[in-house]
Amino acid sequence: MEHIRMPKVENVWLVDRSSSRRTQVGTLYLTATHTIFVGKGSENRNELWVLHSLVCNVVKHKASQSGYPLLIHCKNFQVIQFIIPQESDCHDVYISLSRLSRPEKYEELYCFSFNPNADKAEREHSWDFLDMKAEYSRMGLPNKQWHVTPINREYRVCDTYPSDLFVPKSVTLPVIVGSSKFRSRGRFPTLSYYCKENHATICRSSQPLSGFSARCLEDEQMLQAIMKSNPGSRFMYVVDTRPKLNAMANRAAGKGYENEDNYCNIKFQFIGIENIHVMRNSLQKLIEVSALRSPTMREFLLGLENSDWLRHIKSIMEAGIFISKAVAEEGVSVLVHCSDGWDRTAQVCSVASVLLDPYYRTLKGLMVLIEKDWVSFGHKFSHRCGHLDGEDKEVSPVIDQFLECVWQFMDQFPCSFEYNEKFLISIHNHVYSCHYGNFICNSQKERKDLCIKEKTHSIWPHLWENKLDFMNPLYKPDQSQNQRLLRPSTAPFCFKYWRRLYNRFDRELHPRQSELDCLMTIKEETQQLEEELAVYEQKLAVLGKERAKTLYMQKGLLDGKQQTLWSLPLDASLVNTPQDYIDGFIGAAPNVFTLQQGERESAEISLLGDKPKCSDADNSDQESGVADFSSHSSGEESLPSEDSVKDPDSDETGPNKA
Amino acid sequence: MELSEHIRTANVEDVTLRRPFHPALRGTLCVTSHHLLFSDRKDEDSWQLLILLRNIDATEKSVENLFGYPRAVGSSGTITIKCKDLLVLQLEIPGMEECLNIASSIEALSALESVTEMYPFFYRPSHLTLHGPWGLSSTEKYYKQTERLWDRWRVSTVNSDYSVCPSYPHAVIVPREVDDEKLVQSARFRQGGRFPVLSYCHHRNGMVIMRSSQPLTGANRKRCKEDELLLQAVIDGSLLGYIIDLRSTQQAQQARMTGGGFESKSCYSHWKRIHRHHERGKVLQESLIKLVEACSDPSHSVDRWLSKLENSKWLSHVHSALSTAGLVVECVERDGHSVLVHGSEGTDSTLLVSSLAQLILDPASRTLTGFLGLLERDWIQAGHPFQQRCAHSAYSHARLKQECPSFLLLLDCVWQVWRQFPLALEFSEALLLRLAQEVYASNYGTFLCNNEQERCAAGVKENTHCLFQSLLSPDIEEQYLNPLYEPTDLAIWPSVHPQSLQLWTGLFLRWTEYAQNMEEAREEVWSIVKEHRERAGPDRTNNTPSTHCDTLTPFENLMDELTIL
């Protein structure tokens, strides 16, 4: 609370950037966890809640006639513009928000104060929702070749790895230790995915500390053992996901890549995925393009091209395709690494898994995959998502790119995924929201030390409860399109701009009617009818044919409920929203409207009395779940805990650095 | 010259056919007066491919002499056939001479000039009879259906012998108080005689969309009293109408130098003119060519693809067509004023904008029958010169004459609207794809000739079958219906932000894997809906009447801010 200089400001304008008509006046509140805007006037008050942890940055703009504009950019691509009448108020809000959105300690994060009406048992239960052991046994592990090694139980060998790791049975503890000493941050080769059908595996590690000529016998034995555990093939691929130049530059720092001469029967391959800094800049450019107000087609397409974003997505996808084909078609095991093995390696392994295994195309499967390849294997969520104030250079949209790859696959194979894009967007939102404990910290060890499981809740059961929202009605698990291995096309025109994510809050840009929602409703209704029919069929057994049939027919004629189900609750106000066909006249000058005009407009809005026009309030409600609003108690316990992991990050040393 | 004289080699055995996503096939190739027929050699369940020669846009032949080839005749040739529906085929033909003969037959027969030699005049399927009802809609029918018109408007047959305007139909709707003599005068004052006629009357407020060609004011600022009276009669008592001029201000000014011009404020005092620039003719055709070229190379990098996509400008044209249509709708629906749309000739972008505006405004034109009727009235009868515009498509090497994909652009825009309102249109993407194909090469006479006068002279109605009638026949209608259709009375305002517009993959990537997966998804949509209908029983499948309540949108007079000359 001490950071809040100004808990409440009256007469603040919330500017809708797409149309000045929807701008409204109200009161701005700052709480320990949220910024809240309450529109005044209309009966069903519009409220806008923004989690501080979602705030990316706060910018003051030059004063306009009507006041002092304050722009809030969020990590979920929402952009909110307030206009505050008094300069001092604006400054106070700015200072408070800047501080609140940049917590210095984990304990300040929302997940530690978020307390839904759930008791302790429920919370603990929520963490048991996903069981990694069950996932490995689903893959068919442990088996004759692979077992869990206890070596990292105390995180002594590698503090960024999970405690339970699968290695070939033939590998002895000294070999593991030796191999880990030869790998960046001790991240020795270990199993990520196992293909039951042909025993091929995807393994992951960090780069070897080979420098220009160093060798490590244990590491060579390790790879040999991985190769041998797949009796079907005589060699294995080692995939370095970095551009060759970057990998070579790393050699000067005593790191590098495997020398084919030193390792028996490996085929070494570079796949040029750029480093986190390139990706961060690329996303920045993409966001700038997506935030353009009424751009021309040319500006948009050139901006998209210049951002290079889709090119990067393609390179990640191609790496995933290469690996999935090696495993499924050639039956060859693959070892994947980048520099530290927690960014590009995670992306590529999980993309390949989605292509390989239909299970990961189900709701539960994707959760498991993220929990396994990302959370447990130490993707540095806190750094990459910028949960805490600190190194901006560590922030990078690594998991965002994975989610986008899945989205691109969904676009190409509309019947192959059980979930829809809302699921991906929801996950994206919560990766950044710090609402649940799953994506806090940088490794399993840190989470254990922080007692995440004792103090916060898990996201997965929450998503599972809302699974009806996330279902793809077109999903056909047994369809030809959904063979085990998906073979996506990488032709350039297959890469689309993900409008639903990057323009998520610009409601006017999206289709006004949803095909998927409509289909979902139809499907539900069909199922309902089928159940009804089953009931009547049971009765039929008792009553005899004729009577039951009449019963069913009668029911059919009388029951009006289904009919309303069929016709979607389509938002009429949206259908009838004229667009801006006049070269951005409406949106061009949101800052210059006068007070009276604004008042008249918001009065008109309230007169309409239909759905609230304030899209932001609606959307955040819909997306981040009711829980967002159910509790906003201010957790002010401050445990003294410093972010102890302050290693200089060797990840992604570019050629320039070297 | 008889058509058959073009055919020197009618049959070739042992031809190999390659097409996307299918294994190569060997079989027999035949050339007839109007078709290319390939049939594979297996006797039982033989497979055939029949291509209208008219559908072939370009052929490329390469002949090789393969010395050392074991067979005695050591030569063969390959013909690459690029169709107007964007399919690309390859035929490997043994024998150099045969190959050259076939290529030259294809070239000659695919570019027939005379209408009556074209296939629709020979197409006689057993299930159809000539002299049946032809067409779905007409000026008279539209007038009869639209009660709102009866009071102030009339059907004029001043053009019954096509002498007033050769490209107009025999009947047009004009204000009741303007007599035929005035129409003749006004026609003399408009390019090609295309005087202002009614295209649409809004069911909500009686406001109308008119279309015409440019006035021939010329450098001397000529006036025409009758034309001014005609437009005055359109707005009648109301104080204002909008003229949407589909040229930039500068272009309109320049047009005066060549005898054209625009309605000046002083002469048409109650009309406000708004200029929106639209590309036409050659520029559009080249845009299509560039787009198709970009789509046909999957080996491009993403960057190169995006820059080629941008460079083609196709999506920019989609963007401007939709936004101008949106502007017209704003004038009519929100502002409550009548609109006159014209460019220069009034046969391309004029029709594009006025028909798109109707689709957005009018629930009746969003049904299958209504949409086809709209196309019939606003494109075919309104004199869009289909024969000239669709002589060639994107692959042709021929020098461009009058080709222009205005109609394709319309279909693309309609597709964009469907993407944004997947429940609002009764017809499906399949209909748009079918139309995109039929407009370039067809068994039916619907898209033949350039205007009604030519069609009459050639006896199209008497001697060919009507596409629209056949699309509505019960056995094939279903594939053109949108299973999710739910009518709405409201205007469906599409978003025209570049982020909201997409490449029409169904058309431009039709022959790729991508489109095949989409096809599977469409089938799944149908099966979900069908399953539902089965369960729900016949009496429940009728869609409930629309649940939307009409809402008023806050009125804002935006038009004041526009570029008004």
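Since we're looking at a predicted model, the values are computed, not measured.

**Student:** How would you summarise the overall build of chain A if you had to cite specific residues and measurements?
**Tutor:** Of regular secondary structure, chain A possesses 28 helices and 14 strands. Residues counted as buried form 62% of the 658 residues belonging to chain A. Sequence separation of 24 or more characterises 72% of the internal contacts of chain A that already satisfy a separation of 6 or more.

**Student:** Mind laying out the sheet that holds strand 10 (residues 190-194) of chain A, listing which residues take part and the relevant values?
**Tutor:** All names here are of chain A. With respect to topology, five strands assemble into an open sheet ordered 10-11-14-12-13, the strand pairing being mixed. Looking at the sheet topology across the chains shown, the edges are occupied by strand 10 and strand 13 (266-270). Recorded for the sheet is a direction-independent mean angle of 25° between the axes of neighbouring strands. Running at roughly 175° to strand 12 (residues 236-240), helix 10 (residues 309-330) makes contact with strand 11 (201-205), strand 12, strand 13 and strand 14 (334-337) of the sheet.

**Student:** Account for unusual backbone geometry, naming residues and giving values.
**Tutor:** Outside of glycine, negative phi angles account for most residues, and trans bonds account for most peptide bonds. Residues and elements named next belong to chain A. With omega at -5°, the peptide bond leading from Leu141 into Pro142 counts as cis. By secondary structure assignment, the location of Pro142 is in the loop between helix 4 (132-139) and strand 8 (146-149). Look at Phe77: it is not a glycine, yet its phi comes out positive at around 75°. Secondary-structure assignment places Phe77 in the loop between strand 6 (68-74) and strand 7 (79-84). Phi at Ser294 takes a positive value of approximately 40°, unusual for a residue other than glycine. With respect to the helices and strands, Ser294 occurs in the loop between helix 8 (276-290) and helix 9 (297-307).

**Student:** Account for the nonpolar core, with residues named and values stated.
**Tutor:** In terms of nonpolar packing, the biggest core is built from 246 residues, with Ile370(A), Phe402(A), Leu435(B), Phe468(B) and Phe508(B) touching the most fellow members. Sort the elements by how many residues they give to this core and helix 8 (residues 314-334) of chain B lands first, with eleven residues. Setting aside anything within four residues of it in sequence, one finds Ile370(A) in contact with Val375(A), Ile399(A), Phe402(A), Leu403(A), Ile427(A), Phe439(A) and Trp460(A). Leu17(B), Leu36(B), Leu89(B) and Ile106(B) belong to the second-largest nonpolar core, a separate cluster that totals 27 residues.

**Student:** Pulling in residues and values, what's your account of the environment of Ile36(A)?
**Tutor:** With respect to the element layout, Ile36(A) can be found in strand 3 (residues 34-39). Exposure remark for Ile36(A): the relative accessible area of 8% places this residue in the buried category.

**Student:** Before we move on, could you go through the packing of helix 8 of chain B against helix 12 (residues 406-420) of chain B and cite the residues and values that matter?
**Tutor:** All names here are of chain B. Between helix 8 and helix 12, whose axes approach to 10 Å, the crossing angle comes to 70°. Relative to helix 12, the element helix 8 is oriented roughly perpendicular. When helix 8 is examined against helix 12, the residues Trp314, Leu315, His317, Val318, Ala321 and Leu322 are found in contact with a partner set consisting of Leu408, Leu409, Asp412, Cys413, Gln416 and Val417. For the contact of helix 8 with helix 12, a count of residues per class yields nine nonpolar, two polar and one charged.

**Student:** Describe in detail the pairing of strand 2 (residues 25-31) of chain B, supporting the description with residues and values.
**Tutor:** Residues and elements named next belong to chain B. Most of strand 2 sits inside the fold, with six of its seven residues counted as buried. With antiparallel pairing between neighbouring strands as the criterion, strand 1 (residues 11-18) and strand 2 make up a hairpin whose turn holds six residues, including Phe21 at a positive phi of roughly 65°. Here strand 2 pairs with strand 3 (residues 35-40) via five bridges, running antiparallel. Each residue of the ladder has a partner; that of Thr28, found in strand 3, is Ser39. Taking the residues that link successive antiparallel strands as the turn, the strand 2-strand 3 hairpin has three residues.

**Student:** Describe the confidence of the model for chain B, listing the residues and the values that go with them.
**Tutor:** Residues and elements named next belong to chain B. Averaged over all residues, the pLDDT of chain B is 86; the fraction at 70 or higher stands at 92%. When pLDDT is averaged over each element of chain B, helix 12 comes out on top at 96 and helix 17 (residues 474-477) at the bottom at 79. Contacts from residues 539-565, a stretch scored under 50 in pLDDT, to residues over four places away or in other chains number 77 contacts. Predicted complex metrics record ipTM = 0.90 and pTM = 0.87.

**Student:** Before we move on, could you go through the side chain of Ser179(A) and cite the residues and values that matter?
**Tutor:** Residues and elements named next belong to chain A. Within the element layout of this structure, Ser179 appears in helix 5 (residues 173-181). Look at Ser179 and you get buried, because its relative accessible area is 0%. Those residues in contact with Ser179 that sit more than four places away from it in its chain are Phe188, Pro189, Glu218, Asp219 and Met222.

**Student:** Would you mind going over the state of the cysteines in detail, with residue names and values included?
**Tutor:** Scanning all chains against the criterion turns up zero disulfides over all chains. Of all cysteine sulfurs in the structure, the one in Cys415(A) sits closest to Cys518(A), which takes part in no disulfide; the separation is 16 Å. What makes Cys518(A) buried here is its relative accessible area of 5%. You can see Cys466(B) has no disulfide; the closest cysteine sulfur is in Cys449(B), sitting 14 Å from it. Here Cys466(B) falls in the buried class, since its relative accessible area comes to 7%.

**Student:** Explain the sheet that holds strand 11 (residues 208-211) of chain B to me, and be specific about the residues and the numbers.
**Tutor:** Strands in a sheet are paired, the pairing made by backbone hydrogen bonds, and the direction either parallel or antiparallel. Residue and element names in this part refer to chain B. Spatial strand order, 10-11-14-12-13: five strands in an open sheet with mixed pairing. Single-partner strands in this sheet number two, and they are strand 10 (197-201) and strand 13 (271-275). On average, adjacent strands in this sheet sit at an angle of 25° to one another, irrespective of strand direction. Strand direction decides the pairing type here: strand 12 (residues 241-245) and strand 14 (residues 338-342), joined by five bridges, are parallel. The residue of strand 14 that forms the bridge with Ile243 is Leu340. Sheet contacts for helix 8: strand 11, strand 12, strand 13 and strand 14; angle to strand 12, the most-contacted strand, approximately 175°. With respect to the sheet, helix 9 (residues 349-361) is in contact with strand 10, strand 11 and strand 14, its orientation differing from that of strand 11 by roughly 165°.

**Student:** Break down the pattern of salt bridges for me, with residues and values.
**Tutor:** Applying the stated criterion across every chain, the model contains 57 salt bridges over all chains. A salt bridge links Glu60(B) to Lys82(B); the shortest N-O distance between them is 3.3 Å. Linking Glu60(B) in strand 5 (residues 56-65) with Lys82(B) in strand 6 (residues 75-83), this pair joins segments that are 22 residues apart in sequence. Notably, a salt bridge pairs Glu438(B) with Arg434(B), separated by 2.7 Å at the nearest N-O pair. On the criterion of helical spacing, the pair formed by Glu438(B) and Arg434(B) is a turn pair, its members being four residues apart in helix 13 (residues 429-438). Overall, Glu438(B) belongs to the buried group, its relative accessible area being 9%. The network of salt bridges with common partners includes Asp343(A), Lys380(A), Arg384(A) and Glu394(A).

**Student:** Lay out the packing of helix 9 of chain B against helix 10 (residues 368-381) of chain B in plain terms, naming residues and giving numbers.
**Tutor:** Residues and elements named next belong to chain B. One way to put it is that helix 9 packs onto helix 10 with a least axis distance of 10 Å and a crossing angle of 155°. As summarised for this structure, helix 9 and helix 10 are arranged roughly antiparallel, according to the angle between their axes. At the point where helix 9 passes helix 10, the crossing takes the right-handed sense. For the pair helix 9 and helix 10, contact is made by Leu351, Leu352, Ser354, Ser355, Gln358 and Leu359 and by Phe371, Leu374, Arg377, Asp378 and Trp379, respectively. Grouping the constituent residues of the contact of helix 9 with helix 10 by class yields six nonpolar, three polar and two charged.

**Student:** Could you give an account of the confidence of the model for chain A, naming the residues involved and the relevant values?
**Tutor:** Residues and elements named next belong to chain A. For chain A, the average pLDDT comes to 82, and 81% of its residues sit at 70 or higher. Across residues 557-576, where pLDDT falls below 50, the model places 53 contacts with residues more than four positions away in sequence or in other chains. Every residue in residues 584-658 scores below 50 in pLDDT, and together they form 145 contacts with partners more than four places removed in sequence or on other chains.

The rules behind these values
- Residues numbered from 1 in each chain as written.
- Chains lettered and ligands numbered in written order.
- Predicted model: local features only at pLDDT ≥ 70, side-chain atom pairs only at ≥ 80, totals over all residues.
- Heavy atoms only, no water.
- Helix = DSSP H or I, 4+ residues; strand = E, 2+ residues; numbered from the N terminus.
- Buried < 20%, exposed > 50% of the residue type's maximum accessible area, 1.4 Å probe, protein only.
- Contact = heavy atoms within 4.5 Å.
- Pairing = 2+ DSSP bridges.
- Axes fitted to C-alpha atoms, helices over the stretch in contact; angles between N-to-C directions.
- Core = buried A, V, L, I, M, F, W, Y, C linked by side-chain atoms within 4.5 Å.
- Parallel < 35°, antiparallel > 145°, perpendicular 65-115°, else oblique.
- Nonpolar A, V, L, I, M, F, W, Y, C, P; charged D, E, K, R; others polar.
- pLDDT = per-residue confidence, 0-100.
- Disulfide = S-S within 2.5 Å.
- Salt bridge = Lys/Arg side-chain N within 4 Å of Asp/Glu carboxyl O.
- Left-handed = near helix turned anticlockwise from the far one by under 90°.

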